[in-house]
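Reading the structure
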Amino acid sequence: MPRLDAFDITIRTGARGRSRPPHFVINGYPLEFDTHTGSTEPGDVFEAHGDPGSFPHSLLLAGPEEGSWDIEGVTITYYPDGEESYTVELGACTLDDDADLNINHPRPAPVFDV
Amino acid sequence: MPSWFSNVFSKSRSAPAAQRISRAQLAAVMTEEDNPEPEALDAPPQRRVVDAPVIAPDAPSSGPADEIRIKAQPLHANACVFLVDRPVFAGRSIVCTGPQNAADAPLAQRLFALDERVIEVVIHNLTVKVRTHPRVQTDWDTFAPRIGAAIREHLKTGGPVASPEFEAAIPSEEALRAEIEDILESVVNPGIAGHAGRIRLDGVEGNTVYLEMLGGCQGCAASQITLKQGVERLLRDAMPQLGAVLDVTDHAAGNNPYYRELPA
């Protein structure tokens, strides 16, 4: 993956939410989102923008500090350096206080009908 | 020559004999106070990495609505995954590493017969993965439609994916789990312990096996060779009805991979 200038993330929370807004972790280093709107309360939508400006060997959305967090879906738009942006859609998952979500996804391979 | 340069290499840099001390003297003056034991640091808490399913974009399909729809997703020049809109081999998987191993897999036989470039067919739930010979660059734009047509024709005619004998001989998930854990603990893990690696059984679904690579294996450049040519072969020899062996490791999060580059 080339250098990741920035990414936008939209998180749809399910039945169990978290009170504090999440942060992300790039290559093991925790960073706050630069801007965010909405919340991660049950049924809410959280939208945020991250500016890692680095080469992600690992990019994680940090799990809750306590309890469980039900995520219905995540949409991430990546802005790699010198390339077209692309979007990846993730399905449902649950993060506990010992788990983070992998949000380091390459550009989806092209798919065509045969 | 600058003076600092001559000082660095001149014999006069050695301390005068009177000032020298022997190793024994040095050891005597080196007390624990001089070299205190480093404070034990708490290991960072181990956190799990969750991989949520990636949802493929819902691209519009061409062709009649009642037709079996198949999408091709080339992974690289020698591998392509075919996503079918209905189960091909529901809840189970079959791996054929060449036409000689496809006696129990009529669909795989058909794909091997299509072109001699096809060297491996893996059928799992809704997908068929085809690998072609690495010495030949495959143009998937032209080859994938031929494979798609062969899969569609096979499914339309209601041909079996695996022989009834193969399906009947698949052990239960519990039996597979016990056998795999036994092989991992008695053969595999002692072998890779020298590289500080370990492999854990993450789960068994039908006859499909999910493994996680830990320690020196996590992120190791040789991990896929270890898995494919070592572990998978060992498991398949012991359990011929074993399906796909899939790696669920987050290799990007490996802290101490044994090989950062493939050994020469």
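This write-up is about the structure you can find in this document. (Residues numbered from 1 in each chain as written. Chains lettered and ligands numbered in written order. Predicted model: local features only at pLDDT ≥ 70, side-chain atom pairs only at ≥ 80, totals over all residues. Heavy atoms only, no water.)

1. A look at the overall build of chain B
Scanning chain B for helices and strands turns up seven helices and ten strands. In chain B, which comprises 264 residues, the proportion classed as buried is 34%. Sequence-distant contacts in chain B: of pairs separated by 6 or more residues, those separated by 24 or more amount to 62%. Roughly 16000 Å² of accessible area belongs to chain B as shown, and the carbon and sulfur atoms make up 53% of that amount. (Helix = DSSP H or I, 4+ residues; strand = E, 2+ residues; numbered from the N terminus. Buried < 20%, exposed > 50% of the residue type's maximum accessible area, 1.4 Å probe, protein only. Contact = heavy atoms within 4.5 Å. Areas by Shrake-Rupley, 256 points an atom, 1.4 Å probe, with all protein chains shown as cover.)

2. Focus: the pairing of strand S4 (residues 79–84) of chain B
Residues and elements named next belong to chain B. Most of S4 sits out of view: five of its six residues are buried. As defined by bridge partners, strand S3 (residues 70–76) adjoins S4 across six bridges and the pair is classed as antiparallel. Bridge pairing links Ile70 to Val84 in S4. Between S3 and the antiparallel strand that follows it, S4, lie two residues. Across five bridges, S4 lies against strand S7 (residues 127–132) in antiparallel orientation. Note on S7: the bridge partner recorded for Val81 is Lys129. (Pairing = 2+ DSSP bridges.)

3. What about the packing of helix H6 (residues 173–192) of chain B against helix H7 (residues 223–238) of chain B?
Residue and element names in this part refer to chain B. Their axes nearest at 11 Å, the elements H6 and H7 cross at an angle of 140°. Considered as vectors, H6 and H7 are oriented oblique to each other. Once H6 is placed against H7, the crossing between them reads as right-handed. Facing H6, whose interface residues are Glu179, Ile180, Ile183, Leu184, Val187, Val188 and Ile192, H7 presents Thr226, Val231, Leu234, Leu235 and Ala238. (Axes fitted to C-alpha atoms, helices over the stretch in contact; angles between N-to-C directions. Parallel < 35°, antiparallel > 145°, perpendicular 65-115°, else oblique. Left-handed = near helix turned anticlockwise from the far one by under 90°.)

4. Some remarks on a negative patch on the surface
Residue and element names in this part refer to chain B. Together, Glu179, Glu181, Asp182 and Glu185 make up a negatively charged patch on the protein surface. In this fold, Glu185 is placed in helix H6. In this structure Glu185 comes out as partly exposed when scored by relative accessible area, which is 46%. (Patch = residues over 30% accessible without salt bridge, like charges linked within 9 Å, V, L, I, M, F, W, Y side chains within 5 Å. Salt bridge = Lys/Arg side-chain N within 4 Å of Asp/Glu carboxyl O. Lys, Arg positive; Asp, Glu negative; His and termini not counted. Charge placed at Lys NZ, Arg CZ, Asp CG, Glu CD.)

5. Describing the environment of Arg16 of chain A
Residue and element names in this part refer to chain A. With respect to the element layout, Arg16 can be found in the loop between strand S1 (4–13) and strand S2 (24–26). Sequence separation of Arg16 and Gly43 is 27 residues, and the distance between their C-alpha atoms is 8.3 Å. Among all residues touching Arg16, those that are not within four sequence positions of it are Pro42, Ser68, Trp69, Asp70 and Thr94.

6. Comments concerning unusual backbone geometry
Its identity is not glycine, yet Asn27 of chain A carries a phi of approximately 50°, on the positive side. With a relative accessible area of 36%, Asn27 of chain A lands in the partly exposed category. A positive phi angle is found at Asn125 of chain B, which is not glycine, with a value near 55°. Looking at the element boundaries, Asn125 of chain B is found in strand S6 (residues 118–125).

7. Brief notes about the nonpolar core
By size, the foremost hydrophobic cluster in this structure holds 33 residues, and its most contacted members are Phe82, Ile94, Leu111, Ile123, Val128 and Ile151 of chain B. Elements with a minimum of two residues in this core: S3, S4, strand S5 (89–96), helix H3 (106–114), S6, S7 and helix H4 (140–156) of chain B. No other element matches the seven residues that H4 of chain B contributes to this core. Among the nonpolar cores identified, the runner-up in size contains 26 residues, and Phe7, Ile9, Phe24 and Tyr78 of chain A belong to it. (Core = buried A, V, L, I, M, F, W, Y, C linked by side-chain atoms within 4.5 Å.)

8. Section: the packing of aromatic side chains
Counted by the stated rule, this structure contains seven aromatic pairs over all chains. Judged by centre distance (6.0 Å) and plane angle (70°), the rings of Phe7 of chain A and Phe33 of chain A are edge-to-face. With a gap of 26 residues between them, Phe7 of chain A in strand S1 and Phe33 of chain A in the loop between strand S3 (29–31) and strand S4 (35–38) connect regions that are remote in the sequence. Between Trp140 of chain B and Phe143 of chain B, the ring centres sit 5.8 Å apart and the planes meet at 35°, which makes this aromatic pair tilted. Of this pair, Trp140 of chain B and Phe143 of chain B both sit in helix H4, three residues apart, which is roughly one turn of that helix. For the pair Trp140 of chain B and Phe143 of chain B, one class covers both residues: buried. (Phe/Tyr/Trp six-rings, centres within 6.5 Å; stacked < 30°, edge-to-face > 60°.)

9. Some remarks on the sheet that holds strand S11 (residues 112–113) of chain A
Ordered in space as S11(A)-S3(B)-S4(B)-S7(B)-S6(B)-S5(B), the six strands form an open sheet in which the pairing is antiparallel. The sheet is open, and its two borders are formed by S11 of chain A together with S5 of chain B, each paired with just one other strand. Here H3 of chain B sits on the sheet and contacts S5, S6 and S7 of chain B; the angle it forms with S6 of chain B, its principal contact strand, is near 150°. Those strands touched by H4 of chain B are S11 of chain A together with S3, S4, S6 and S7 of chain B, and its axis lies near 40° from that of S4 of chain B.

10. Comments concerning the side chain of Thr208 of chain B
Within the secondary structure, Thr208 of chain B sits in strand S9 (residues 208–215). Dropping the residues within four chain positions of it, Thr208 of chain B is found in contact with Arg92, Ser93, His124, Gly203, Ala244 and Leu246 of chain B.

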